[in-house]
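In case you want the letters, here they are:
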Amino acid sequence: MYHLPNECPVCGGELIVTHLACNECDTRIEGRFYSGTFSQLSAEQLHFVELFVRNEGKITRMEQDLELSYPTIRNRLHDVIRAMGYEPGEDEFAGLSDAERKQILDNLDNGEIDYEEALRLIEDKEKK
């Protein structure tokens, strides 16, 4: 089977599910069906969500499974959140710009600062 497309290949508009069929008995149901928030995700993003749930949301375990850095996994998580129609961390880094947050995470990823220093930098920015 193919992944359910969510965008019209002709005009880019939103596609809706209007037909369901049973693989076993070939029963067919027609109508307009809501396909859910997860239908907005690509196959890669769905796989990421599956791993995230399996790892109980622990990014450190995701790092081991995917062999990726913390900032990379966090960025992929933010991509999933945006694809679902939300904005990640709206309150989490209230005093921190995206560029500042990215710089801190890049420095952490490159080993220029450790976890405690990154946390201190974030907390200092939030206090301002």
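Keep in mind it's a predicted model, so treat the numbers as computed, not measured.

**Student:** Could you give an account of helix 4 (residues 98–109), naming the residues involved and the relevant values?
**Tutor:** Its 12 residues give helix 4 an end-to-end C-alpha distance of 16 Å, which sits within 8% of 16 Å, the value for a rise of 1.5 Å per residue. By the burial criterion, the buried members of helix 4 are R101, I104, L105 and N107. An end-on view of helix 4 places all buried positions within 160° of arc, on one side of the element. Those residues of helix 4 that are exposed and angled more than 90 degrees off the buried face are D98 and A99. After helix 4 finishes, the residue G111 shows a positive phi value of roughly 80°.

**Student:** Quick one: what's the story with the pattern of salt bridges, residue by residue and with numbers?
**Tutor:** Counted according to the given criterion, the structure contains eight salt bridges. Among the salt bridges present, the one from R54 reaches D65, with a minimum N-O distance of 3.2 Å. Residue R54 is located in helix 1 (residues 43–54), and its partner D65 is located in helix 2 (residues 59–66); the two are separated by 11 residues in the primary sequence. Since its relative accessible area comes to 52%, R54 is described here as exposed. A salt bridge links R120 to E117, with the shortest nitrogen-to-oxygen separation between them at 2.7 Å. On the criterion of helical spacing, the pair formed by R120 and E117 is a turn pair, its members being three residues apart in helix 5 (residues 115–127). For R120, a relative accessible area of 37% puts it in the partly exposed group.

Basis of the calculations
Residues numbered from 1 in each chain as written. Predicted model: local features only at pLDDT ≥ 70, side-chain atom pairs only at ≥ 80, totals over all residues. Heavy atoms only, no water. Helix = DSSP H or I, 4+ residues; strand = E, 2+ residues; numbered from the N terminus. Expected span 1.5 Å × (residues − 1). Buried < 20%, exposed > 50% of the residue type's maximum accessible area, 1.4 Å probe, protein only. Arc of directions from axis to C-beta. Salt bridge = Lys/Arg side-chain N within 4 Å of Asp/Glu carboxyl O.

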